[in-house]
Amino acid sequence: MLKRHLLLASVLAGTFAITACSQETQDKTEAAADSAAEDTAANADAAAAETEAAAAEAEVAAQNAGTEVAEGADTAGVAAANALENTGEAVVVGANEAVANTAEVVADGASAVENKASENAVEAEQQY
């Protein structure tokens with residue numbers, strides 16, 4: 001009978017040990033799950049903050065790019081206006097040079113005609 005009581009006591013002690021171990025394991029598992037949930041929440045908050053910061057940086061970069069495009073368009077407009085003005089001046093200068101050269105050629109031609117006419121008149125007087 002003593003053996004039976006010892007055996008029963010051993011079985012009960014083992015059962016309590018397993019139950020206690022299971023409760024301890026369950027507590028630790030619950031604590032680990034809570035810790036993981038807290039870590040996940042913290043990481044999500046950090047990711048959200050980083051995403052907001054990146055979005056703000058992207059917005060600033062887009063605004064800067066827009067400003068640069070507008071400045072580039074202004075510069076291109078000024079350059080085009082200057083080129084048009086320079087083209088107009090070049091046309092005027094070229095036309096003036098063409099007129100001056102034409103007048104010079106006409107004057108030279110007129111002088112040549114006058115000289116030839118004078119020569120012909122001298123020759124005509126000498127023949128008669």
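Notes on the structure follow. Everything quoted here is computed from the prediction, not taken from an experiment.

### Quick look at the overall build of the chain
Then comes step 1: Looking only at helices and strands, one finds 1 helix and 0 strands in the chain.
Then comes step 2: Within the chain, the proportion of its 128 residues that are buried is 0%.
Then comes step 3: Carbon and sulfur atoms form 63% of the exposed surface of the chain, whose accessible area is close to 10,600 Å².

### Observations concerning a negative patch on the surface
Then comes step 1: There is a patch of like negative charges on the surface, built from Asp 27, Glu 30, Asp 34, Glu 38 and Asp 39.
Then comes step 2: Tracing the sequence through the fold places Asp 34 in helix 1 (residues 2-127).
Then comes step 3: Classification of Asp 34 by relative accessible area gives partly exposed; the value is 43%.

Criteria and cut-off values
Residues numbered from 1 in each chain as written. Predicted model: local features only at pLDDT ≥ 70, side-chain atom pairs only at ≥ 80, totals over all residues. Heavy atoms only, no water. Helix = DSSP H or I, 4+ residues; strand = E, 2+ residues; numbered from the N terminus. Buried < 20%, exposed > 50% of the residue type's maximum accessible area, 1.4 Å probe, protein only. Areas by Shrake-Rupley, 256 points an atom, 1.4 Å probe, with all protein chains shown as cover. Patch = residues over 30% accessible without salt bridge, like charges linked within 9 Å, V, L, I, M, F, W, Y side chains within 5 Å. Salt bridge = Lys/Arg side-chain N within 4 Å of Asp/Glu carboxyl O. Lys, Arg positive; Asp, Glu negative; His and termini not counted. Charge placed at Lys NZ, Arg CZ, Asp CG, Glu CD.

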